[in-house]
Amino acid sequence: SRRLPSRAQVFLFVFFTPAPGALPTMDKAVDQVVDAVVTPAQSFSKESLRLLKRCSKPDRNEFKKIAIATGVGFAVMGLIGYFVKLIHIPINQLIIGGN
């Protein structure tokens, strides 16, 4: 024989069951996940592969130019930092009043 639901079960069902259409269905939720996660990931991977296919290994002369430019950049930034520090030390001594 079949049992009837208790009053508490009926109350919970009536007051806590969302109306039809109030919650997204599983299909809508899956579509939202696909739109938010999968589609951008696919687009990013396709663009990355296209970029990698177009890239080529630099020849010796091109590599040498890039290495020299990078070294000059490091040296310039180091010198700028050195001179800023060189100027900062006496100014700091004047402000603080060193012994």
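Residues numbered from 1 in each chain as written. Predicted model: local features only at pLDDT ≥ 70, side-chain atom pairs only at ≥ 80, totals over all residues. Heavy atoms only, no water.

Overview of the overall build of the chain
Secondary structure assignment for the chain yields 3 helices and 0 strands. Shown N-terminal to C-terminal, the secondary structure of the chain runs as helices and strands in the order α-α-α. With 99 residues in all, the chain has 0% of them scored as buried. When the accessible area of the chain is evaluated, it comes to approximately 9,900 Å², of which 67% is carbon and sulfur surface. (Helix = DSSP H or I, 4+ residues; strand = E, 2+ residues; numbered from the N terminus. Buried < 20%, exposed > 50% of the residue type's maximum accessible area, 1.4 Å probe, protein only. Areas by Shrake-Rupley, 256 points an atom, 1.4 Å probe, with all protein chains shown as cover.)

Observations regarding a nonpolar patch on the surface
Residues Leu79, Tyr82, Phe83, Leu86, Ile87, Ile91, Ile95 and Ile96 make up a contiguous nonpolar surface patch of roughly 870 Å² in combined accessible area. Secondary-structure assignment places Ile87 in helix α3 (residues 60–96). (Patch = residues over 30% accessible without salt bridge, like charges linked within 9 Å, V, L, I, M, F, W, Y side chains within 5 Å. Salt bridge = Lys/Arg side-chain N within 4 Å of Asp/Glu carboxyl O.)

Side note on the packing of aromatic side chains
Evaluated as defined, the whole model comprises 1 aromatic pair. Aromatic side chains Tyr82 and Phe83 sit 5.6 Å apart centroid to centroid with 70° between the ring planes, which places their arrangement in the edge-to-face category. (Phe/Tyr/Trp six-rings, centres within 6.5 Å; stacked < 30°, edge-to-face > 60°.)

Let's talk about the confidence of the model for the chain
Averaged over every residue, the pLDDT of the chain is 83; residues scoring 70 or more account for 83%. Averaged pLDDT values for the elements of the chain fall to 72 in helix α1 (residues 7–16) and rise to 93 in α3. (pLDDT = per-residue confidence, 0-100.)

Remarks on α3
If you check α3, its first and last C-alpha atoms are 53 Å apart, about what 37 residues at 1.5 Å a residue would give, namely 54 Å. Phi turns positive, to about 85°, at Gly97, one or two residues after α3. (Expected span 1.5 Å × (residues − 1).)

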